[in-house]
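Listed here are the chains, written in short residue letters.
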Amino acid sequence: MHSGLVNPIDFSREGRQAGHLAIPYSVDRSPYYQIRIPILRLRNGEGPSLLLTAGNHGDEYEGELQLGRLMRLLDVADIRGAVTILPLANLPAVMAGRRCSPFDGGNLNRAFPGDPIGSPTARLAHFLEHDLFPRHDVMLDLHSGGTSMAHLPCTLIERQADADRFERSVSLMRAMGASHAFIADNGSAAPTSMGAAARAGIIGLSGEFGGGGTVTPETMAFTAAAIDRLLVTLGIVGCPVLSRAPLPEPGPLQLLSLSRHSQGIYANRRGWFEPAAALGATVSAGDLAGWYHDLERLEQPEEELRFAEDGIVISHRLHCGSQAGDCLIQVAEPIAA
Ligand SMILES: [Zn+2]
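Calculation notes
Residues numbered from 1 in each chain as written. Predicted model: local features only at pLDDT ≥ 70, side-chain atom pairs only at ≥ 80, totals over all residues. Heavy atoms only, no water. Domains from an automatic or database assignment. Contact = heavy atoms within 4.5 Å. Salt bridge = Lys/Arg side-chain N within 4 Å of Asp/Glu carboxyl O. Polar contact = N/O pair within 3.5 Å; in protein donor to acceptor, adjacent residues only side chain to side chain. Helix = DSSP H or I, 4+ residues; strand = E, 2+ residues; numbered from the N terminus. Buried < 20%, exposed > 50% of the residue type's maximum accessible area, 1.4 Å probe, protein only. Pairing = 2+ DSSP bridges. UniProt positions renumbered as here; feature names shortened; annotations may be inferred. Donors = N, O, S within 2.8 Å, 3.2 Å for Na, K, Ca; no water. Tetrahedral: all angles 85-135°; square planar, octahedral: opposite > 155°, others 65-115°. Core = buried A, V, L, I, M, F, W, Y, C linked by side-chain atoms within 4.5 Å.

Right, let's talk about the domain arrangement of the protein chain for a bit. What the domain assignment lists for the protein chain is domain 1 (15-257) and domain 2 (262-335). Taking the mean C-alpha position of each, domain 1 and domain 2 sit 30 Å from one another. Listed as interface residues are 13 residues of domain 1 and, on the opposing side, 15 residues of domain 2. Connecting domain 1 to domain 2 are zero salt bridges. At the surface where domain 1 touches domain 2, the tally comes to eight residue pairs in polar contact (both at pLDDT 80 or more).

Here we come to the pattern of salt bridges. This structure, assessed with the given rule, holds 13 salt bridges. For arginine 99, the salt bridge identified is with glutamate 60, shortest N-O distance 3.3 Å. Of the two residues, arginine 99 is situated in the loop between helix H2 (91-96) and helix H3 (120-132) and glutamate 60 in the loop between strand S3 (49-53) and helix H1 (61-73); the sequence distance between them amounts to 39 residues. Residue class for glutamate 60 comes out buried when judged on its relative accessible area of 1%. Residue arginine 199 is joined to glutamate 129 by a salt bridge in which the shortest nitrogen-to-oxygen separation is 2.8 Å. With a gap of 70 residues between them, arginine 199 in helix H5 (residues 193-199) and glutamate 129 in helix H3 connect regions that are remote in the sequence. One network of salt bridges, with partners in common, ties together Glu14, Arg43 and Glu46.

With that out of the way, let us pick up the side chain of glutamine 263. Mapped onto the fold, glutamine 263 is located in the loop between strand S10 (254-257) and strand S11 (264-266). What makes glutamine 263 buried here is its relative accessible area of 1%. A polar side-chain atom of glutamine 263 sits 2.9 Å from the main-chain amide nitrogen of arginine 260. Other than its neighbours up to four places away in sequence, glutamine 263 contacts Ser257, Leu258, Glu309, Ile329, Gln330, Val331, Ala332 and Glu333.

Moving on, we come to the sheet that holds strand S15 (residues 303-306). The strand order across the open sheet built from four strands is S15-S14-S12-S17, with neighbouring strands paired in antiparallel fashion. Two strands bound the open sheet, and with one partner strand each, they are S15 and strand S17 (321-322). Sheet analysis places strand S14 (residues 288-293) next to S15, joined by four bridges and oriented antiparallel. The partner of tyrosine 292 across the bridge, within S15, is glutamate 303.

Right, let's get into the UniProt feature "domain: Succinylglutamate desuccinylase/Aspartoacylase catalytic" (unreviewed entry) in the protein chain. Residues annotated by UniProt as "domain: Succinylglutamate desuccinylase/Aspartoacylase catalytic" (unreviewed entry) correspond here to residues 47-232. Between the C-alpha atoms that bound residues 47-232 the distance is 13 Å, and the span itself is 37% helix and 19% strand.

We now examine the coordination of the zinc ion. Surrounding the zinc ion are the protein donor atoms His57 (ND1), Glu60 (OE), Glu60 (OE) and His143 (ND1), at 2.0 to 2.4 Å. One can describe the site at the zinc ion as irregular: its four donor atoms subtend angles covering 57 to 152° at the metal. Donor residues for the zinc ion sit on one chain with the sequence pattern H-x2-E-x82-H. Pair noted here: glutamate 60 is in the loop between S3 and H1 and histidine 143 is in strand S5 (residues 138-143), with a separation of 83 residues, a long-range link. Each member of the pair, glutamate 60 together with histidine 143, is buried.

Let us now look at the pairing of S10. The pairing of strand S8 (residues 180-184) with S10 spans three bridges and is parallel. In the sheet register, histidine 180 faces S10, and the bridge partner there is glutamine 254.

Of all hydrophobic cores here, the largest spans 39 residues; its most connected members are Leu52, Leu70, Leu205 and Ile227. Per element, the largest residue contribution to this core is six residues, and it comes from helix H6 (residues 217-233). Those residues in contact with isoleucine 227 that sit more than four places away from it in its chain are Leu52, Gln66, Leu67, Leu70, Leu140, Leu142 and Leu242.

See the structure below:
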């Protein structure tokens, strides 16, 4: 077999099935090479059906580590309904520690709805949107800022035309317990996993669970709590699986909006960025956002960068070295529920 994607899972079967999605991809060192993407399916009777994915971008580790752990901890006898776990979705990107696949440059979260005879990333996207997603009621796709970006931990959903599905999405997002969340407005043709979930007719949940190409005790606990709260809220498990301490009731949720180019500060030339505002800080238009240095012209003073809009700082670039077009820092607008 030289194309397509081979799926070993029988979704109608009860019990535990572990295996690999296989994407044939002929390379120099191995003419019949297959990209092997781990997948676990647990099913125990009738009930809700949840898909958990991470590694959509390879260098976003909170979800990859926690879903790998969940695969080891979750016993089929402990669940009601079905759970499918895909912890390292774009496996070549994960193994390379990169956002995109080194094989085809594919950014999985820009590859939906995919192509069944396309590049490996396009074939994977096609399988996810057309085959895997529609077998579930709800999916959670775990992201973070990745190697180059620090991100305020938050959850995210896409606005839905279907009022019932939108209301259910908001209520599940609240149940995940983050202090901040986004309702994205990317439209029905979005090339993202959330666009794909909407087209597949299921509830899509996502979020930025940390960043920096690393994990911290805080981001791992936040990720564990979000996954546990979702599993418990859906009635798939009776008590938390991943969290090491009892989960308190979620606090208030601040909704955020990111909709204007002017909410970000973008580099307009090569330079080196020094942030002046911390993630989560409340800032006003005109406040100092950071400094832009020029290490090639040390006699030039660093440039002051100032926010163009009020808001809450949600992300900033971690790599000092920057090029024209790089987003250096972003604020989001707090909005009413
Ligand atoms: Zn991502």
